[in-house]
Amino acid sequence: MSTTARFDRGHTDDLMAFLMASPSPYHAVATAAARLEKAGFARVRETDAWDGTAGGKYVLRGGAIVAWYVPEDAQPHTPFRIVGAHTDSPNLRVKPLPDTGAFGWRQVAVEIYGGTLLNTWLDRDLGLAGRITLRDGSHRLVNIDRALLRVPQLAVHLDRSANSDGLKLDRQRHMQPVWGLGEPTEGDLLGFVAEEAGVEAADIAGWDLMPHPVERPSYLGRDRELVAGPRMDNLLSVHAATAALAAVAESEGPLPYIPVLAAFDHEENGSQSDTGADGPLLGTVLERSVLSRGGSYEDRARALAGTVCLSSDTGHAVHPNYADRHDPTHHPRPNGGPILKVNVNMRYATDGSGRAAFAAACEKAGVPWQNFVSNNAMPCGTTIGPITAARHGIQTIDIGVAILSMHSARELCGADDPFLLANALVAFLEG
Ligand code: ZN
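Here the structure is a predicted model, which is why all the values come from computation and not from measurement. (Residues numbered from 1 in each chain as written. Predicted model: local features only at pLDDT ≥ 70, side-chain atom pairs only at ≥ 80, totals over all residues. Heavy atoms only, no water.)

Undergrad: A description of the overall build of the protein should follow, citing residues and the corresponding values.
TA: Broken down by element type, the protein carries ten helices and 18 strands. For a compact globule of 431 residues, the expected C-alpha radius of gyration is about 22 Å, and the protein comes in at 22 Å, within 12% of that figure. Considering only intrachain contacts with a sequence separation of at least 6, the fraction spanning at least 24 residues in the protein is 77%. For the protein, the exposed surface amounts to about 18400 Å²; the carbon and sulfur share of it is 49%. Separation between the mean location of the 38 positive side-chain charges and that of the 51 negative ones in the protein comes to 2 Å. (Helix = DSSP H or I, 4+ residues; strand = E, 2+ residues; numbered from the N terminus. Rg over C-alpha atoms; globule rule 2.2 N^0.38 Å. Contact = heavy atoms within 4.5 Å. Areas by Shrake-Rupley, 256 points an atom, 1.4 Å probe, with all protein chains shown as cover. Lys, Arg positive; Asp, Glu negative; His and termini not counted. Charge placed at Lys NZ, Arg CZ, Asp CG, Glu CD.)

Structure, rendered in structure tokens:
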């Protein structure tokens, strides 16, 4: 059995729209949810009682989403097939008292979120987006998608060693964006945001706001074989997984597994939060899915024992100018298909058995794939894979797409890889 859904370059066009619609994790999950609703998924609330009916369902919590599709003939012990990803990207985030400035410049006080490549945020036109919480506890998404802020770089005349010795940026002193002229006044930024959101400033009781580059994603290269854009780590995976889950749900074929999308927040700083992979969110949802279908603890244990998770996140393509930073024989390339990430010290959760499962899914989908492993002399990154494996006892395989400039404000990947990934995910979810 296999779905007729085959993704192509149209999927990559759609990724660009997804990126633009998702300047914050809160927007990313709302964008994913809207697409799933189009495919017939319905939101369930964690505070409600759940029924065990068949069909597509999803839970939203902050910047995280878990969605799953229960086939008509699913048993309480039917195992899950999960695609895991993360919705957050390294960036700048607005501080609690944001109004600051000096010498006639209005500035916004920001913190640094995650492993941001700081220099890539200089001299970029930035908008402002995120979530505001009103006094009544309700949330509003805000997206001021125009050139509003900028972190201006110091002129080379005033920093003669910037090119010879490398640019040195102080995370506190040098990263505060300007957003106009005038004396900083308390309440200024939030008053402005309130106006843009169409609410009274006095009604805003909390906020989670972050600048984002307003430049559109674009195809790049002689034959437009590359894509440049923001937040591809890891909205590329969230987008592919959302599209794959919707396609599998709509295919109406028999499914031996319950396909699941789990997109978490806070991966870029260790996943420890109520919406992160190191929290109970996924485990609770899977458990409630089993119990609401009349399952027992035994059924839950049986389901999890047969469950497999593909943890999809970006990895490093070989950089032509820095080939020595990569392993000498493993050279993932753009448009070579998804990468299988291996690290024997379990920075990635893949083992030989996982390799076999991933290779089978790619073979079934007719998708090429590549091996990724770090140079032994370089520290290896990690992702939600090992956390998911350890926390839930689920077999997990780390995969993804090889990109350049990871954690830059504007990353670069092959234009075919997003849809090659989506096709592999469909084959995996179908089982
Ligand atoms: Zn990532």
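Undergrad: Which residues make up the packing of aromatic side chains, and what values do they have?
TA: Overall, the coordinates contain five aromatic pairs when judged by the stated rule. Here the basic side chain of arginine 81 rests over the ring of tyrosine 257, its NZ or CZ set 4.3 Å away from the ring centre. (Phe/Tyr/Trp six-rings, centres within 6.5 Å; stacked < 30°, edge-to-face > 60°. Lys NZ or Arg CZ within 6 Å of the ring centre and 35° of its normal.)

Undergrad: Could you give an account of the domain arrangement of the protein, with specific residues and numbers?
TA: For the protein, the assigned domains read domain 1 (9–89 + 230–430) and domain 2 (91–213). Centre-to-centre, using C-alpha coordinates, domain 1 lies 31 Å away from domain 2. Domain 1 puts 22 residues into the contact, and the matching count from domain 2 is 21 residues. For the pair domain 1 and domain 2, the summed buried surface comes to about 1500 Å²; carbon and sulfur atoms form 59% of the total. For the pair domain 1 and domain 2, the interface holds zero salt bridges. Put simply, domain 1 and domain 2 have six residue pairs in polar contact (both at pLDDT 80 or more) between them. In terms of residue count, the dominant contributor to the side of domain 1 that touches domain 2 is helix H2 (residues 25–38) (four residues). Of the residues belonging to the side of domain 1 that touches domain 2, the class tally is eight nonpolar, eight polar and six charged. (Domains from an automatic or database assignment. Buried area = accessible area lost by both parts, 1.4 Å probe. Salt bridge = Lys/Arg side-chain N within 4 Å of Asp/Glu carboxyl O. Polar contact = N/O pair within 3.5 Å; in protein donor to acceptor, adjacent residues only side chain to side chain. Nonpolar A, V, L, I, M, F, W, Y, C, P; charged D, E, K, R; others polar.)

Undergrad: So what about the coordination of the zinc ion? Which residues, and what values?
TA: Protein ligation of the zinc ion involves His86 (NE2), Asp233 (OD), Asp313 (OD) and Asp313 (OD), the donor distances falling in the range 1.9 to 2.6 Å. Angles of 52 to 138° at the metal separate the four donor atoms of the zinc ion, which places the site in the irregular class. Sequence spacing among the residues donating to the zinc ion works out to H-x146-D-x79-D. In this pair, histidine 86 is assigned in strand S4 (residues 80–86) and aspartate 233 in helix H5 (residues 232–251), connecting sequence segments 147 residues apart. Across this residue pair, the class does not change: histidine 86 and aspartate 233 are buried. (Donors = N, O, S within 2.8 Å, 3.2 Å for Na, K, Ca; no water. Tetrahedral: all angles 85-135°; square planar, octahedral: opposite > 155°, others 65-115°. Buried < 20%, exposed > 50% of the residue type's maximum accessible area, 1.4 Å probe, protein only.)

Undergrad: Which residues make up the sheet that holds strand S8 (residues 139–149), and what values go with them?
TA: Spatially, three strands are ordered S8-S7-S10 in an open sheet, and the strand pairing comes out antiparallel. The two strands at the open ends of the sheet, each matched to only one other strand, are S8 and strand S10 (204–213). This sheet shows a mean twist of 20° between the axes of neighbouring strands, independent of strand direction. In this structure, strand S7 (residues 126–134) lies alongside S10, joined through nine bridges in antiparallel fashion. By the bridge assignment for S10, threonine 133 is matched with glycine 206. Strands S7, S8 and S10 of the sheet are contacted by H2, whose axis makes an angle of about 115° with S8. (Pairing = 2+ DSSP bridges. Axes fitted to C-alpha atoms, helices over the stretch in contact; angles between N-to-C directions.)

Undergrad: Outline the sheet that holds strand S5 (residues 91–102), supporting the account with residue identities and numerical values.
TA: Ordered by their spatial adjacency, three strands build an open sheet running S5-S6-S9, and the pairing between neighbours is antiparallel. The open sheet is flanked by S5 and strand S9 (178–181), the only strands paired with a single partner. Pairwise comparison of adjacent strand axes, ignoring direction, gives a mean angle of 20° for this sheet. Running over the sheet, helix H4 (residues 188–197) touches S5, strand S6 (105–113) and S9 and is turned about 120° from S5.

Undergrad: Lay out helix H7 (residues 297–305) in plain terms, naming residues and giving numbers.
TA: One full turn of an α-helix is made of 3.6 residues, so residues set three or four places apart face in the same direction. Within H7 the residues assigned to the buried category are Asp299, Ala303 and Leu304. Along the long axis of H7, the arc covered by the buried residues comes to 130°, so they all point the same way. With respect to the buried face of H7, the exposed residues turned more than 90 degrees away are Tyr297, Glu298 and Ala305. If you follow the buried residues of H7, they end up packed against S4, helix H6 (281–292) and helix H9 (384–392). (Arc of directions from axis to C-beta.)

Undergrad: Kindly report on the side chain of serine 289, identifying the contributing residues and their values.
TA: Mapped onto the secondary structure, serine 289 falls in helix H6. Classification of serine 289 by relative accessible area gives buried; the value is 3%. Setting aside anything within four residues of it in sequence, one finds serine 289 in contact with Trp50, Trp68 and Phe80.

Undergrad: Describe in detail a nonpolar patch on the surface, supporting the description with residues and values.
TA: On the surface, Phe103, Trp105 and Leu181 cluster together to form a nonpolar patch covering roughly 440 Å² of accessible area. The residue leucine 181 is located in strand S9 in this model. (Patch = residues over 30% accessible without salt bridge, like charges linked within 9 Å, V, L, I, M, F, W, Y side chains within 5 Å.)

Undergrad: How would you summarise the nonpolar core if you had to cite specific residues and measurements?
TA: If you look at the biggest cluster of nonpolar residues, it comprises 58 residues, and the most contacted ones within it are Leu36, Phe41, Ile65, Leu261, Ile399 and Leu425. When residues of this core are assigned to their parent elements, the largest contribution, twelve residues, is made by H5. Among residues more than four places away in sequence, those in contact with leucine 425 are Val83, Ala240, Ala241, Ala244, Leu310 and Ile399. One finds Ile112, Ile144, Trp179 and Ala409 within the second-largest nonpolar core, a separate group that totals 28 residues. (Core = buried A, V, L, I, M, F, W, Y, C linked by side-chain atoms within 4.5 Å.)

Undergrad: Lay out the pairing of strand S14 (residues 308–316) with the relevant residues and their values.
TA: With eight of its nine residues buried, S14 lies for the most part within the structure. In this sheet, S14 lies alongside S4 in parallel orientation, the contact comprising four bridges. The residue bridging arginine 81 from the neighbouring strand is valine 308, located in S14. The pairing of S14 with strand S17 (residues 395–404) spans nine bridges and is parallel. Paired with valine 308 across the strands is glutamine 395, a residue of S17.

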